[in-house]
Amino acid sequence: TLMRACGYPLAFPAFTWEVRANDRNYHMQFKKKFALCLTKKKYAGNAIKTAKYNIFTFLPLNLYEQFHRMANVYFVFVILLQTFPEISTLPWYTLLFPLSCLLTIRGLRDLIDDIVSMGWSERLWVLGVGPGGDGHFRWQKWRDICVGDIVRLRKENFVPADMLLLCSSEPSSLCYVETADIDGETNLKFRQALLATHQELVSEESMAAFDGRVICEEPNSRMHSFTGTLEWRGETYSLDSERILLRGCKLRNTDVCYGLVIYAGFDSKIMRNCGKIKRKKTKLDCMMDRLVIIIFLVLLVTSLCLAVASGFWARMFQEKHSYLSALYKHTTPAQQAFFNFWGFTILLSIIIPMSMYITFEFIYLVNSFFINWDLEMYYAVKDIPAKARSTSLNDQLGQIEYIFSDKTGTLTQNVMSFKKCCINGTIYGNFCTATWQTHSLSEGDPTWNICHHGEKKLDFCDMTLLEAARRDSDPVLREFLRLLALCHTVMVEEKGDQLVYQAASPDEEALVLAAKNLGYVFLARTQDTITISELGLKRTYKVLAMLDFNSDRKRMSVLVRDPQGTIRLYTKGADTVILERLQRRGPNETFTEMALDRFAEETLRTLCLASKEVSEVEYSVWSRRHHESSVLLQDRARELDKLYEEMEQNLQLLGATAIEDKLQDGVPETIQLLKLGNIKVWVLTGDKQETAMNIGYACKLLTDDMEILEEKEIRSQLRVLSPKDKILHTGEVLKEKGRLWRRLACCKATGSQDRGSLVEKAFVDLATSCQAVICCRVTPKQKALIVQLVKKHKKAITLAIGDGANDVNMIKTADIGVGISGLEGMQAVQCSDYALAQFSYLQRLLLVHGRWAYLRICKFLRYFFYKTFAGLMAQVWFAFHSGFTAQPLYEGWFLALYNIFYTAYPVLSVGLLEQDVSAKKSLEFPELYVIGQQDELFNYRIFGVTLLHGVSTSLASFYIAFWAFEDHVGSKAVGDYESFAVTVATSSLLSVLVEVSTDLPFPILVQQQMFRDCSPGLSDTIPNASLNALTDPYVLLVVLLSLVVNTIPSLTIHLYHTIMGGHSPDLPISLQKIRLKAKRQPEPSVELRAHVPRGSFHRHSSYAFSHQEGYAGLITRGDSLRAGATHSTTPGLLHPEMTPALSSLPSASA
């Protein structure tokens, strides 16, 4: 690869993505294979289809997805068997109709969810602007834009595709964009066009004639990197990410800009990070699939045994009753056994009832409505209710083990406020609710009246500091406020009588606003000057140099000459780097360090301020060396860092500031409750480590007793790790940064797959041993990879919550995806399973609705399986007394109505209304949540116990009736087959109703009345058989005896548990212990104040991590500033009405 300096040709022969401006025909000729011999266009169109289905694919695709459920395959198999008259024991439509209903209900639900998503997509991506072939621009829909088109955007437009910025109406063709929909950050970022296109493309005609050729990398998911070249007019120009506008960005503070479409549609970087739509199944769903297979295998074995027995019985019967041989001359015992095998298979197929799955869907739907209707999760400020966008995952909300949360916009409001400061050994900062900007200093001062007009109320209010600033008698205070007004990279714009600041981050804006409200107002800046108003007196400082920061320096400085000619250096940065560069350490410095610790205890973001005077001789020598280093082609950054280090020595400490990054309401309490519920919270953020750690302490994710484990320690742990090692003690915390993931990627790329898997497993073991994990500087795709790693190696149920498009992939990958609505965009909400307005509502969603849903579904499954086995296993016992002939014991309508009518009310009540404790108690004792994580309410052991319980009930009901009918026929000569069936059915049914209803607060009288009214329909084969049987006192006594035998054991167990522990017997021992402990030793109220000891986390300074290196150079070059003469453009193309620029300094890219 040949690389040359700026302005010289630069070529990357390995790059294969070629884009030609204004040449659609060129791009349309290229095809690429995607499946077997099928091809599609190499350059994707800009249409984005968020819907899963269309009019042609809905039916086959939805059926394909539904038949991934083993139960549906099983039901189709049984229906096919019923179509053969020789083996059919039940009409084929008895299963076809409910299966059709189930498939229709699920299909309509999936279709409605898909239509909602598709409708939102159409509303969001509406119109863009595209080039015309006649040299003029015309309006086009986003979907009609193609690679190679030139697009014109105006202020507040969204960028429709990944584009190369060609020029804009700003000086030097700067372009300001907001990336809130991509990364959740509200501060502006700038992009800049090439000088060649900026100077030459000045009219629509020149745009239409532009024939540049871009050669760059293939479409990929790397959000913050781009490498390519532009070939135009015989020259080759280097391109990087600073020239690219990404799809989803919003144009801000830029009137007009033009771009060349490089990647469109699904080739754009944001879509490459979105991931594929995956069908999510709950843990109970997966378990049900396995249970269906187990039950089916047991059913086949049972049918086989009964069929073999029928063959032997037929041979024995034929030998014993030879006079009936004419009836069997066309069949053999083996043939009878064969047909009986399939007959028993059909007869016992109702052991897996279709009605269970239909009731399943109804319960899921109603529980979703409960979430939607919960007023405790309704955000009245923005009129946003909670929304269950998926109706099939409710029970999994009660089994979450890991929560992966975004930071910006999810945990925080991304709003910084100046709270406190320490100046010259004095701490300032009290809280009040008065709007104090409009009085005191502003009286009699017209400049201040202008500056403070309309200023919003601040959280910082200290009249002592206000009076001290007004007197102007303290030189240290004067220098402190002057530093806040001078040492920054903020841009200013005057709108009417107000000054609007645009800063690199909310941190910098908060500091400049604090200085403004104390009388030191930043007014304007040029390429080499800064103008401020000091207590109403306008002063202009000449900027001699801006010492930019990077992540190693952790500070920034500005070298200025004041109006009197004195040269001063103003520096602000992290306390750890400022304090070691002080000239001396006196009482004030010691007190300031104590103040920093005090601020850190309150989880405020701290910053140290210092300055010094520079002599003319020192400056002249330093300036010459600085100029020499700034033009180096090699090691430029290292040489400049050395010069900056030399200048930033022997400083005099002025003081410290404390800024609060406001959390959303209730975040600390929510995290505390989730941790008490044994849920681990991981924060995945693109921010720097120090910023993320500050938020970790502020929201109580990190506490004083935790030991911090950072990346270098992770490396050493992974290096010596063996698979059996126990890595960390309880309480240790992992801080993971992006470089570790690159290291993992390298291990997988250079070593064997086993090596890569071992490193992944080691990292997951390390991280999951910690109480909390914060992953810093991660990209959207890495967020999803982290979630995938935990799912892969820990088999845990995960939940991801976020608010921006950068969280979409993570939300799709997790078992449960939650989108925060009403903050930054709607992409996360549209891809989520549940939508909430605030992070704090997560505690109620999981600890109340999730736990209740899991409890209800588990109890529903247990009771449904119990009543099915108890009522229908009598078919097996009857086979032993009917010659193994697969003759049904019960009449067909009873079998059809047993699950959907006779026994529906109790189990449906459990599935909809069951609550072991109230919502208030669920939040008061979050330890109750553990039962879902441990699968204690429904597992293979409980299924086995339920099976044995049901079998024992059916045995008792059948053989008590069989014993009674063996020697007695009753007072009314009732002893026929139909009466016997009615007696067994009645005994089983009443036993089931009493058993299920013992755990319900709802009366069963209604159900019993329904049974009595409908009981004549139990048998229609013999007229009045049911009526005759159920009015015979002897039969009623038999039913009563069966009821007593079946219910006395379970009632005794219930009574024992009530006397001993006050709990129902269905609850596991661990849950009973938790509930007893919660009653005896209630948890204290959540303590929100941290006490940070000196050694645990020495001051949370995070200033120098708000934006990336390079903005000082941008300002000093004048690229971001409007010169006196406007850029020469054609009026119809670039607007000449140019207002002062608002510089946006973006956060560093990963």
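Residues numbered from 1 in each chain as written. Predicted model: local features only at pLDDT ≥ 70, side-chain atom pairs only at ≥ 80, totals over all residues. Heavy atoms only, no water.

### A closer look at the overall build of the chain
Helix and strand counts for the chain stand at 40 helices and 35 strands. Here the chain holds 1150 residues, and the buried ones make up 58% of them. In the chain, once contacts between residues fewer than 6 apart in sequence are set aside, the share between residues at least 24 apart is 76%. With an accessible surface of roughly 48,200 Å², the chain has 58% of that area assigned to carbon and sulfur atoms. (Helix = DSSP H or I, 4+ residues; strand = E, 2+ residues; numbered from the N terminus. Buried < 20%, exposed > 50% of the residue type's maximum accessible area, 1.4 Å probe, protein only. Contact = heavy atoms within 4.5 Å. Areas by Shrake-Rupley, 256 points an atom, 1.4 Å probe, with all protein chains shown as cover.)

### So, the UniProt feature "transmembrane region" (unreviewed entry) in the chain
Taking the UniProt record as the reference, the feature "transmembrane region" (unreviewed entry) is found at residues 67-84, 291-317, 337-360, 860-880, 892-913, 942-965 and 1034-1056. The annotated region residues 67-84 carries 72% helix and 0% strand content, and the separation between its end C-alpha atoms amounts to 23 Å. Secondary structure content for residues 942-965 is 100% helix and 0% strand, and the end C-alpha separation is 35 Å. (UniProt positions renumbered as here; feature names shortened; annotations may be inferred.)

### Some details on unusual backbone geometry
Phi at Lys700 takes a positive value of approximately 65°, unusual for a residue other than glycine. Backbone geometry places Asp935, a non-glycine residue, at a positive phi of 55°. Note that Asp935 resides in the loop between helix H33 (930-933) and helix H34 (940-967).

### What about the nonpolar core?
Nonpolar side chains in soluble globular proteins tend to be buried together. Core analysis: the biggest nonpolar cluster contains 86 residues, and Phe75, Tyr357, Leu861, Phe865, Leu889, Tyr890 and Phe938 have the highest contact counts within it. If one sorts the elements of this core by residue count, helix H28 (residues 842-872) sits on top with 13 residues. Leu889 has contacts with Ala874, Gln875, Phe878, Phe958, Tyr977, Phe980, Ala981 and Val984, leaving out every residue within four places of it along the chain. (Core = buried A, V, L, I, M, F, W, Y, C linked by side-chain atoms within 4.5 Å.)

### Comments concerning the packing of aromatic side chains
In total, this model carries 38 aromatic pairs according to the counting rule given. Aromatic pair Phe369 and Trp373: ring centres 5.3 Å apart, planes at 15°, arrangement stacked. It is Arg20 that lies over the ring of Tyr26; its NZ or CZ is 4.0 Å from the centre. Positioned over the ring face of Phe864 is Lys867, at 3.8 Å from the centre of the ring. (Phe/Tyr/Trp six-rings, centres within 6.5 Å; stacked < 30°, edge-to-face > 60°. Lys NZ or Arg CZ within 6 Å of the ring centre and 35° of its normal.)

### Description of the packing of helix H3 (residues 70-82) against helix H10 (residues 333-347)
The contact between H3 and H10 brings their axes to 10 Å, and the two run at 130°. Taken together, the axis directions place H3 and H10 in an arrangement best described as oblique. Judged by the sense of rotation from one axis to the other, the crossing of H3 with H10 is left-handed. Contacts between H3 and H10 involve Phe77, Leu81 and Gln82 from the former and Trp342, Thr345 and Ile346 from the latter. Looking at the contact of H3 with H10 residue by residue, the class counts come to four nonpolar, two polar and no charged. (Axes fitted to C-alpha atoms, helices over the stretch in contact; angles between N-to-C directions. Parallel < 35°, antiparallel > 145°, perpendicular 65-115°, else oblique. Left-handed = near helix turned anticlockwise from the far one by under 90°. Nonpolar A, V, L, I, M, F, W, Y, C, P; charged D, E, K, R; others polar.)

### Concerning the pairing of strand S10 (residues 213-216)
Where strand S1 (residues 17-20) and S10 come together, four bridges link them in antiparallel fashion. Bridging across to S10, Arg20 finds its partner in Arg213. Sheet analysis places S10 next to strand S11 (residues 228-232), joined by four bridges and oriented antiparallel. Looking at S11, one finds that Val214 is bridged to Leu230. (Pairing = 2+ DSSP bridges.)

### Considerations on the sheet that holds strand S12 (residues 235-239)
Strand order in the open sheet formed by four strands is S1-S10-S11-S12, with antiparallel pairing between adjacent strands. A strand with exactly one partner marks an edge of an open sheet, and here the two such strands are S1 and S12. The sheet shows a mean angle of 20° between the axes of neighbouring strands, taken without regard to direction.

### A closer look at the pattern of salt bridges
Pairing of side chains with opposite charge becomes possible as their charged atoms draw close. Under the criterion given, the structure shown has 47 salt bridges. Residue Asp374 pairs with Arg844 through a salt bridge whose shortest N-O separation is 2.4 Å. Of this pair, Asp374 sits in the loop between helix H11 (354-372) and strand S16 (387-388) while Arg844 sits in helix H28; the two residues are 470 residues apart in sequence, bridging distant segments of the chain. In this pair, the class of Asp374 matches that of Arg844, namely buried. (Salt bridge = Lys/Arg side-chain N within 4 Å of Asp/Glu carboxyl O.)

### What about a nonpolar patch on the surface?
A cluster of nonpolar side chains, Met70, Val73, Ile293 and Leu297, forms an exposed patch at the surface whose accessible area comes to about 310 Å². Sorting the residues of the nonpolar patch by element identifies H3 and helix H9 (283-320) as the ones contributing at least two each. Inspection of the secondary structure assignment puts Met70 in helix H3. Of the residues examined, Met70 reaches a relative accessible area of 32% and is grouped as partly exposed. (Patch = residues over 30% accessible without salt bridge, like charges linked within 9 Å, V, L, I, M, F, W, Y side chains within 5 Å.)

### Side note on the sheet that holds strand S6 (residues 150-154)
As a general point, the strands of a sheet are linked pairwise by backbone hydrogen bonds and lie either parallel or antiparallel. Taken in spatial order, the four strands line up as S6-S15-S7-S13 in an open sheet, and their pairing is antiparallel. Strands at the two margins of the open sheet, each flanked by one partner only, are S6 and strand S13 (244-245). Summarising the sheet, S6 and strand S15 (residues 256-263) pair through five bridges and their orientation is antiparallel. In the sheet register, Arg154 faces S15, and the bridge partner there is Val256.

### Thoughts on the side chain of Arg389
Locating Arg389 in the fold gives a position in the loop between S16 and strand S17 (402-405). Classification of Arg389 by relative accessible area gives buried; the value is 17%. Engagement of the side chain of Arg389 in a polar contact is seen with the backbone oxygen of Ser832, the distance being 3.3 Å. (Polar contact = N/O pair within 3.5 Å; in protein donor to acceptor, adjacent residues only side chain to side chain.)

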